[in-house]
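# Chains, contacts and geometry: an overview
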Amino acid sequence: MALAAQKLCQSNGVPFIINDDIDLAIEIDADGIHIGQDDMPVEQARKLFPEKIIGLSINNMTEVHHSQLNLVDYVGLGPYKATISKADAQTPTGLSLIQSVREIDKELPVVAIGGIQEEDIEAIITNGADGIAVISAITRSQDIGQTSRNLREEVDKYLAEKIKNS
């Protein structure tokens, strides 16, 4: 399944990033790896993947201050709201974590994750995130293709506004 997904990503010019499975990422030569706080130290991940994309999940400001953000390419912040997609999800952070991370680092790419729906995108992007990661918004949709396009269009719209206003 990973190889089929990787091929699909490659044919569409999209980086293929493996979540939490370092061995699989190495085996298939994925474009990157996304790790959580307990998966592997960031320094070790960077040694294993010197030229690859590395993302790091962050759930609170303590993790921000204890993470080697200079070694990652982006952070996934959240959960933004309560989510049914991940049984061990932490307490929702809302906009506060996005805003706090953005205050201390203006350049680090920030992706919001957790319970995000289309109506949340404007607030998420205008408060500092650069993108969103969703599961249930798409998998629970009656029209996955249209929902995916709508989410992408909303993100693109608010990113364009943010760039225009900066």
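The protein chain goes by Thiamine-phosphate synthase in an unreviewed UniProt entry, where it is assigned to Streptococcus bovimastitidis. Here is the UniProt Pathway (unreviewed entry) comment for the protein chain, exactly as written: "Cofactor biosynthesis; thiamine diphosphate biosynthesis; thiamine phosphate from 4-amino-2-methyl-5-diphosphomethylpyrimidine and 4-methyl-5-(2-phosphoethyl)-thiazole: step 1/1."

This part takes up unusual backbone geometry. A cis amide bond links Gly78 to the next residue, Pro79, at an omega of 15°. Position of Pro79 among the secondary structure elements: in the loop between strand 4 (74–77) and helix 5 (94–104). Unlike most non-glycine residues, Asp20 shows phi in positive territory, near 65°. When you line up the elements, Asp20 lands in the loop between strand 1 (17–19) and helix 2 (22–27). Classification of Asp20 as partly exposed rests on a relative accessible area of 37%. The backbone of Asp29 sits at a positive phi, close to 55°, despite the residue not being glycine.

Glancing now at the domain arrangement of the protein chain. Partitioning the protein chain into domains gives domain 1 (1–58) and domain 2 (73–165). The distance between the C-alpha centroids of domain 1 and domain 2 comes to 20 Å. Opposite the ten residues of domain 1 that make contact, domain 2 presents seven residues. On the surface where domain 1 and domain 2 come into contact, there are one salt bridge. In this structure, Asp73 and Arg46 form a salt bridge, with 2.9 Å as the shortest nitrogen-oxygen distance. Here domain 1 is connected to domain 2 by eight residue pairs in polar contact (both at pLDDT 80 or more). The biggest single contributor to the side of domain 1 that touches domain 2 is strand 3 (residues 53–58), with six residues. The residue inventory of the side of domain 1 that touches domain 2, partitioned by class, reads five nonpolar, three polar and two charged.

Procedures and definitions
In this convention, every chain numbers its residues from 1, walking through the sequence in written order. Local features are withheld for residues below a pLDDT of 70 in this predicted model, meaning they are given only at 70 or higher, and side-chain atom pairs are given and counted only at 80 or more; totals for whole chains, interfaces and linings count all residues. Calculated side-chain values reflect all of the structure's heavy atoms, with hydrogen atoms and water omitted. UniProt positions are given in the numbering used here, feature names are shortened, and annotations may be inferred rather than shown by experiment. What counts as a helix is a DSSP run of H or I of at least four residues, what counts as a strand is a run of E of at least two, and both are numbered from the N terminus. Per-residue accessibility, obtained with a 1.4 Å probe over protein chains only, is compared with the maximum for each type, and a residue is labelled buried under 20%, exposed over 50%, and partly exposed between these values. In this entry, domain limits derive from an automatic or database-based domain assignment. Contact criterion: two residues are considered in contact whenever any of their non-hydrogen atoms come within 4.5 Å of each other. Take a side-chain nitrogen of Lys or Arg and a carboxyl oxygen of Asp or Glu: if they are within 4 Å of each other, that pair is a salt bridge. Definition of a polar contact: a pair of N or O atoms within 3.5 Å, with one able to donate and the other able to accept a hydrogen when the atoms are protein atoms, and with sequence-neighbouring residues admitted only if both atoms are side-chain atoms. In this count, Pro and Cys sit with the nonpolar residues alongside Ala, Val, Leu, Ile, Met, Phe, Trp and Tyr, while Asp, Glu, Lys and Arg are called charged and the others, Gly among them, polar.

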